[in-house]
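Given next are the chains, with one letter for each unit.
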Amino acid sequence: MTVLRPPPSPIKEVPRSPPLTLSNPDMVASHTPCTLHTSVLPPELACRLFYTMLDASEDWKRNKWWLFERLVESPHRTSFYVRKPKESDDDPVDVGSEEWREASQYWYNGRNTQLPHYFPDVLEEACSIVERIVNEEMKKRKRFPLEWASDPSGVWQANVAAANCYEGAKECVGPHADHMTYLGPYPTIASISLGTSRVFRLREVVPSDQKQDRHAQTFNIPLPHNSLIIMHGSTQERFKHSIPPQPTIDLYRPLYPRAPGASIEPSNCRINITFRFYRPDFHPSTIPRCKCGTPTALRADMKNRQDGKTDKYWWHCNGAAQNDGKDCGLWKILDMKAEGRGPCIYDVGAVPGRCDGEHTA
Ligand SMILES: O=C(O)CCC(=O)C(=O)O
Ligand SMILES: [Fe+2]
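The rules we used
- Residues numbered from 1 in each chain as written.
- Chains lettered and ligands numbered in written order.
- Predicted model: local features only at pLDDT ≥ 70, side-chain atom pairs only at ≥ 80, totals over all residues.
- Heavy atoms only, no water.
- Helix = DSSP H or I, 4+ residues; strand = E, 2+ residues; numbered from the N terminus.
- Expected span 1.5 Å × (residues − 1).
- Buried < 20%, exposed > 50% of the residue type's maximum accessible area, 1.4 Å probe, protein only.
- Contact = heavy atoms within 4.5 Å.
- Axes fitted to C-alpha atoms, helices over the stretch in contact; angles between N-to-C directions.
- Parallel < 35°, antiparallel > 145°, perpendicular 65-115°, else oblique.
- Left-handed = near helix turned anticlockwise from the far one by under 90°.
- Nonpolar A, V, L, I, M, F, W, Y, C, P; charged D, E, K, R; others polar.
- 1 Å grid on protein atoms, 1.4 Å probe; cavity = no way out; pocket = protein on both sides within 12 Å on 5 of 7 lines; lining within 4 Å.
- Points joined across faces, edges and corners; volume = space filled by probe spheres on them.
- Salt bridge = Lys/Arg side-chain N within 4 Å of Asp/Glu carboxyl O.
- Donors = N, O, S within 2.8 Å, 3.2 Å for Na, K, Ca; no water.
- Near = heavy atom within 4 Å.
- Polar contact = N/O pair within 3.5 Å; in protein donor to acceptor, adjacent residues only side chain to side chain.
- Areas by Shrake-Rupley, 256 points an atom, 1.4 Å probe, with all protein chains shown as cover.
- Domains from an automatic or database assignment.
- Buried area = accessible area lost by both parts, 1.4 Å probe.

For helix H4 (residues 121-140), spanning 20 residues, the distance from its first C-alpha to its last is 30 Å, which sits close to the expected 28 Å at 1.5 Å a residue. Those residues of H4 not exposed but buried are Val122, Leu123, Ala126, Cys127, Ile129, Val130, Glu131, Ile133, Val134, Asn135, Glu137 and Met138. Where H4 is buried, its residues contact strand E2 (34-37), helix H2 (43-56), strand E5 (77-82), strand E9 (189-195), strand E12 (227-231) and strand E14 (269-276).

Printed below as a string of structure tokens:
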């Protein structure tokens with residue numbers, strides 16, 4: 001007897017797109033959930049901030065963590081800053097408190113560190129300008145249901161900054177999405193670049209149920225001195241970002257000398273500062289701990305994205321990074337309501353922009 005079977009369905013060829021360089025703000029906005037802004041600070045301020053952070057970077061550290069029984073070191077130096085509280089702050093960040101020491105320590109993968117520094121004055125000056133640009137941009141964009149609903153005006157403010165120094169063409173940071181432990185879902189992160197131009201690379205994590213239909217594309221965005229890239233809500237949920245090593249870089253020649261009459265020295269360093277808002281409802285005291293006794297880390301379930309409202313996030317043990325590569329294996333789903341977090345855009349309803357959780361770029 002011959003059994004007739006339908007012919008096997010042909011394996012679908014999914015076309016791959018080559019990496020695309022996004023060389024201007026319009027291209028960045030149309031392919032990614034980020035916006036690019038050039039010449040953001042007055043040139044003298046940008047130069048002064050570059051010199052201040054470059055000098056400070058002598059004391060910045062290379063992060064160290066355990067990876068498969070090997071202690072590895074990050075191929076760049078990093079540091080963490082906390083904004084000085086304003087007199088009008090209801091709930092100021094106290095840089096001296098144990099809780100903020102813990103949050104800062106988290107930036108260094110759980111290693112013991114000194115207290116974080118307050119923003120130097122020049123960083124404060126730059127931060128006010130960056131905040132203005134971020135808020136103008138956010139007014140034009142839809143808001144996501146799980147974003148923090150700060151106050152009815154929806155003003156974004158940075159309360160911490162992480163800084164990185166990449167010396168030469170080979171220093172880099174590998175592909176990652178920023179942990180959301182203190183940022184919460186759909187954070188806005190404003191990232192300024194000073195010094196040598198480097199490529200910022202974005203690559204989408206394609207959800208498991210779309211893998212049959214499409215491949216991720218790599219986007220390369222050259223970030224020149226004094227440019228700002230804003231990673232808007234959904235960037236950390238959908239994309240990994242990196243600063244890849246390059247075969248060569250162009251030296252940066254500052255516009256101004258360090259002091260009047262001094263000669264101008266070209267530099268092979270890039271300074272990056274990411275301004276962030278650590279949400280009060282993700283205060284260090286509220287972060288679940290695991291059996292290792294350390295705060296867990298929060299990350300988005302990038303492969304199983306939902307509708308913006310019911311997206312999944314996981315608290316997971318972060319102990320392995322420092323505990324000889326051993327973790328306690330804890331994975332626990334974030335439950336905003338049960339954990340008493342919010343208010344989110346979704347809770348307050350009437351806010352500027354749309355809040356339908358639909359993704360465009
Ligand atoms: O240097 C950059 O532009 C990216 C830095 C970064 O990804 C980070 O600090 O999380
Ligand atoms: Fe990052």
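Here the narrative resumes, following the displayed structure.
Running from N to C, H2 and H4 cross one another at 135°; their axes reach a closest spacing of 9 Å. By the angle between their directions, the pair H2 and H4 is classed as oblique. Crossing angle aside, the handedness with which H2 passes H4 is left-handed. Here Leu45, Arg48, Leu49, Thr52 and Met53 of H2 come into contact with H4, specifically with Val122, Leu123, Glu125, Ala126 and Ile129. Residues of the contact of H2 with H4, tallied by class, amount to 7 nonpolar, 1 polar and 2 charged.

Unoccupied space between atoms shows up once a probe the size of one water molecule is rolled over them. Across all of its chains, the model carries 2 cavities of 30 Å³ or more by this definition. Estimated volume of the largest cavity: approximately 50 Å³. What lines the largest cavity is simply Met138, Arg141, Lys142, Arg143, Phe144, Glu147, Thr188, His232 and Gly233. A breakdown of the residues in the lining of the largest cavity according to their chemical character gives 2 nonpolar, 3 polar and 4 charged. Of the pockets and cavities examined, the second largest cavity occupies roughly 30 Å³. Considered class by class, the residues forming the lining of the second largest cavity number 2 nonpolar, no polar and 5 charged.

The next subject is the pattern of salt bridges. In the structure shown here, the tally under the stated rule is 15 salt bridges. Notably, a salt bridge pairs Arg77 with Glu167, separated by 3.3 Å at the nearest N-O pair. Of this pair, Arg77 sits in strand E5 while Glu167 sits in strand E7 (residues 160-167); the two residues are 90 residues apart in sequence, bridging distant segments of the chain. On the basis of relative accessibility, which here comes to 14%, the residue Arg77 falls in the buried class. The network of salt bridges with shared partners includes Glu44, Arg48 and Glu125.

On to the coordination of the iron ion (ligand 2). Around the iron ion (ligand 2), the protein contributes the donor atoms His176 (NE2), Asp178 (OD) and His241 (NE2), at 2.1 to 2.2 Å from the metal centre. All donors to the iron ion (ligand 2) come from one chain, and their sequence spacing reads H-x1-D-x62-H. Taken together, the residues His176 in strand E8 (residues 173-176) and His241 in strand E13 (residues 239-243) connect sequence positions 65 residues apart. The class for His176 is partly exposed, based on a relative accessible area of 26%.

Moving on to the site of ligand 1. As a structural note, the neighbourhood of ligand 1 is formed by 12 residues, with Asn164, Tyr166, His176, His241 and Arg270 the closest of them. Within the side chain of Arg270, one N or O atom sits 2.8 Å away from an oxygen atom of ligand 1. Contact with the protein chains removes 96% of the 300 Å² of surface that ligand 1 exposes when unbound. For the shell around ligand 1, the secondary-structure elements that each account for two or more residues are E7, E13 and E14. Sorting elements by how many residues they give to the shell around ligand 1 places E14 first, with 3 residues. Of the residues in the shell around ligand 1, the class split is 4 nonpolar, 5 polar and 3 charged.

What follows deals with the domain arrangement of the protein chain. For the protein chain, the domain assignment lists domain 1 (20-281) and domain 2 (287-345). With 35 residues of domain 1 at the interface, the matching set in domain 2 holds 32 residues. Of the roughly 2800 Å² buried between domain 1 and domain 2 on both sides combined, carbon and sulfur atoms contribute 59%. Of the charged contacts in the structure, one is a salt bridge between Arg305 and Glu204, with a shortest N-O distance of 3.1 Å. Applying the counting criterion to the domain 1 and domain 2 interface returns 13 residue pairs in polar contact (both at pLDDT 80 or more). Looking at the side of domain 1 that touches domain 2, its residues break down into 17 nonpolar, 6 polar and 12 charged.

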